[in-house]
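Per-entry structural report
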Amino acid sequence: MTRLIPFPPDRLDPAARAVYDTITSGPRGASVTSSDGTLIGPFNAMLLSPPLGDALQALGAAVRYHSRLTDRCRELATLVVANSMDSAFERRAHEALARPLGFTDEQLDALRAGTPPDLDDAGERAVYRIVRALVTRGDLDEEEYALLPEQVVFELTTLVGYYRTLALQLRVFRV
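Residues numbered from 1 in each chain as written. Predicted model: local features only at pLDDT ≥ 70, side-chain atom pairs only at ≥ 80, totals over all residues. Heavy atoms only, no water.

**Describing the packing of aromatic side chains**
Scanning the entire structure with this criterion turns up one aromatic pair. Ring geometry for Tyr162 against Tyr163: centres 4.8 Å apart, planes inclined by 75°, an arrangement best described as edge-to-face. Since its relative accessible area comes to 3%, Tyr162 is described here as buried. Overall, the relative accessible area of 4% leaves Tyr163 in the buried class. (Phe/Tyr/Trp six-rings, centres within 6.5 Å; stacked < 30°, edge-to-face > 60°. Buried < 20%, exposed > 50% of the residue type's maximum accessible area, 1.4 Å probe, protein only.)

Below you can see the structure in the form of structure tokens.
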């Protein structure tokens, strides 16, 4: 059971309402609201501290919509993090995003099991290898570091940190 009550948008103070409006008017749109307009998943908790919540949602938007990662690489990396953190919400949400991108049931099963999925693309295999190293060892050896351009490694480390933060908050607030 969740520890946080949903925050109805019409009862938010101005600072929290600004964060709410930013989240719901951006590319995430209505996909992050319930039928009564309250935020779902990790987004409801962001209203507890508008300055931090706004910065966190902006980081998430940058990771999701403004990185060099392909959509498939981003969802692959996110699902590796979701599995490592045993985050059912992240897993469910991002598997739903991964399926239309062509991820097969076998690939999603492998990711849930923590085993390498069968990936045809060398870049995707490199993303998987790097993210697995980050979530298991918290570092990259020289070979792993050299698999992708430094800008992509930076984006992957940021993605891992962001989704680990969300997974921790989802766990603590029992979302």
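And the narrative resumes.
**Points about the side chain of Gln57**
Tracing the backbone shows Gln57 in helix 2 (residues 50–65). Accessibility expressed as a relative area gives 6% for Gln57, which makes it buried. A distance of 3.0 Å separates polar atoms of two side chains, one belonging to Gln57 and the other to Asp54. Dropping the residues within four chain positions of it, Gln57 is found in contact with Thr22, Ile23, Arg28 and Met46. (Helix = DSSP H or I, 4+ residues; strand = E, 2+ residues; numbered from the N terminus. Polar contact = N/O pair within 3.5 Å; in protein donor to acceptor, adjacent residues only side chain to side chain. Contact = heavy atoms within 4.5 Å.)

**Points about the layout of surface pockets**
Left-over empty space is what a probe sized like a water molecule reveals as it rolls over the atoms. Estimated volume of the largest pocket: approximately 350 Å³. Listed by contribution, the elements that provide at least two residues to the lining of the largest pocket are helix 2, helix 4 (88–98) and helix 8 (150–172). A per-element tally of the lining of the largest pocket places helix 4 first, with six residues. Looking at the lining of the largest pocket residue by residue, the classes come out as 14 nonpolar, three polar and three charged. Its volume calculated, the second largest pocket comes out at about 160 Å³. Taken together, Ala45, Met46, Leu48, Ser49, Leu52, Gly53, Leu56, Gln169 and Phe173 make up the full set of residues lining the second largest pocket. Looking at the lining of the second largest pocket residue by residue, the classes come out as six nonpolar, three polar and no charged. (1 Å grid on protein atoms, 1.4 Å probe; cavity = no way out; pocket = protein on both sides within 12 Å on 5 of 7 lines; lining within 4 Å. Points joined across faces, edges and corners; volume = space filled by probe spheres on them. Nonpolar A, V, L, I, M, F, W, Y, C, P; charged D, E, K, R; others polar.)

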